[in-house]
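Now for the letters of each chain:
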Amino acid sequence: MSDHEQSPPGAGGNADEQPKSEHLNIKVTDNNNEVFFKIKRTTALSKLMNAFCDRQGKQLTTVRFLFDGARVNPTDSPDSVRQLMRSGLQGTSFQ
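Residues numbered from 1 in each chain as written. Predicted model: local features only at pLDDT ≥ 70, side-chain atom pairs only at ≥ 80, totals over all residues. Heavy atoms only, no water.

## Some words on the confidence of the model for the chain
Thought 1: Overall, the prediction assigns the chain a mean pLDDT of 76, with 64% of residues at 70 or greater.
Thought 2: The least confident element of the chain, judged by mean pLDDT, is strand S5 (residues 89–93) at 65; the most confident is helix H1 (residues 45–56) at 95.
Thought 3: Of the regions scoring below 50 in pLDDT, residues 1–18 engages in two contacts with residues more than four places distant in sequence or in other chains. (pLDDT = per-residue confidence, 0-100. Helix = DSSP H or I, 4+ residues; strand = E, 2+ residues; numbered from the N terminus. Contact = heavy atoms within 4.5 Å.)

## With respect to the nonpolar core
Thought 1: If you look at the biggest cluster of nonpolar residues, it comprises 16 residues, and the most contacted ones within it are Val28, Phe37 and Phe65.
Thought 2: Listed by contribution, the elements that provide at least two residues to this core are strand S1 (23–29), strand S2 (34–40), H1 and strand S3 (63–67).
Thought 3: Looking at this core element by element, the count peaks at five residues for H1.
Thought 4: Sequence-distant contacts of phenylalanine 37, defined by excluding residues within four places in its chain, comprise Leu24, Asn25, Ile26, Val28, Leu48, Ala51, Phe52 and Arg55. (Core = buried A, V, L, I, M, F, W, Y, C linked by side-chain atoms within 4.5 Å. Buried < 20%, exposed > 50% of the residue type's maximum accessible area, 1.4 Å probe, protein only.)

Okay, here's the thing in structure tokens:
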């Protein structure tokens, strides 16, 4: 590219700038298994929680979903739990 041409918007620039993607890849683990989900930023996490429990053969009432030790609610979304975008969830079974 010559010095007189301009790069398209979003190309080059600051390496810290990342476009905000519509979908996220989220890892959910129960310390034995890891399950990956691709969901929209605005999707209620209840869909992810139900899908995880279905895949693991567990009842939703017997699993707690945590992020950094704090409980994640089914009505939360990745946008409402900002840190979730950079990390995963932990599904913990209890009796």
